[in-house]
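# Structure assessment
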Amino acid sequence: WHSNSLSKGNRKKIRQCKDIGVILKKDDHENIDNVYDLIYQNRLTKGVTPSISQIQLETALRIFPDEYEIFSLYLSGELIATAITVMLNSNVRYVYMWADHAGHRTLSPTAMLCEEIVCDARNQGIKIVDLGTASLHGVIDEGLARFKTNLGAVPTVKTSFGIRR
């Protein structure tokens, strides 16, 4: 991955974010209220709720502090985008949940957030940043797939197994 892997539009949005002073902060677990609220509000705009409660997330962060990281973007002290990542092994960082603030969506802060996560992974010697699936029950969500491709992601096949009860 290289910044040239991003779509031209996303590269422009990243420059705009940086020009107006958007900054990255690796949030500590004490800021989980704001982080989770942003994720929750973001999911509501899509008609869903997060797959995990705030209490469950706090528990995971406490039990696995070396595996979970929170990357957040701030503009003038306001949280405008965030991502919770999980180290699956020493070579793979998985972007478990991410979200942006609806009021700042025109900035496309998720593009900058993705770039920052990838750069951090590169600096740590991590080989793969997994942006997650773009399908549900084997059906591709074309819009989500395009969004991830525009971030420079490369589509891969993931095998899964269904278990009958």
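For the structure given in this document, a descriptive report is provided here. (Residues numbered from 1 in each chain as written. Predicted model: local features only at pLDDT ≥ 70, side-chain atom pairs only at ≥ 80, totals over all residues. Heavy atoms only, no water.)

Before going further, it helps to spend a moment on the packing of aromatic side chains. In the structure shown here, the tally under the stated rule is 3 aromatic pairs. Ring geometry for W98 against F147: centres 6.2 Å apart, planes inclined by 70 degrees, an arrangement best described as edge-to-face. Of this pair, W98 sits in strand β4 (residues 92-100) while F147 sits in helix α5 (residues 142-150), and the two are 49 residues apart along the sequence. Of the residues examined, W98 reaches a relative accessible area of 13% and is grouped as buried. (Phe/Tyr/Trp six-rings, centres within 6.5 Å; stacked < 30°, edge-to-face > 60°. Helix = DSSP H or I, 4+ residues; strand = E, 2+ residues; numbered from the N terminus. Buried < 20%, exposed > 50% of the residue type's maximum accessible area, 1.4 Å probe, protein only.)

Those residues of helix α3 (residues 54-63) that sit buried are L57, A60 and L61. Taken end-on, α3 shows its buried residues confined to a sector of 100 degrees, consistent with a single buried face. Opposite its buried face, α3 presents the exposed residues I55, R62 and I63, each directed more than 90 degrees away. Residues of α3 that are buried make contact with α2 (32-45), β2 (68-75), β3 (78-89) and β4. (Arc of directions from axis to C-beta. Contact = heavy atoms within 4.5 Å.)

Here we come to the environment of D66. Take D66: it is sitting in the loop between α3 and β2. Along the chain, D66 and E30 lie 36 residues apart, while their C-alpha atoms are 15 Å from each other.

Pairing is mixed in the open sheet, where 5 strands are placed in the order β1-β2-β3-β4-β5. At either margin of the open sheet sits one strand with a lone partner, and together these are β1 (23-27) and β5 (128-130). Averaged over all adjacent pairs, the angle separating strand axes in this sheet is 30 degrees, with direction ignored. Two strands pair when backbone bridges link them, and β3 and β4 are joined in this way by 8 bridges, in the antiparallel orientation. Residue pairing across strands places A81 opposite D100, the latter belonging to β4. (Pairing = 2+ DSSP bridges. Axes fitted to C-alpha atoms, helices over the stretch in contact; angles between N-to-C directions.)

Let's shift gears to the nonpolar core. Judged by nonpolar contacts, the single largest core of 21 residues is most densely connected at V22, L73, W98, L113 and L151. When residues of this core are traced back to their parent elements, those giving at least two are α1 (8-19), β2, β3, β4 and α4 (109-123). It is α4 that provides the largest number of residues to this core, a total of 6 residues. Listed in part, the 17 residues of the second largest apolar core include L57, A60, I84 and A99. (Core = buried A, V, L, I, M, F, W, Y, C linked by side-chain atoms within 4.5 Å.)

Keep in mind these numbers describe shape, not what the thing actually does.
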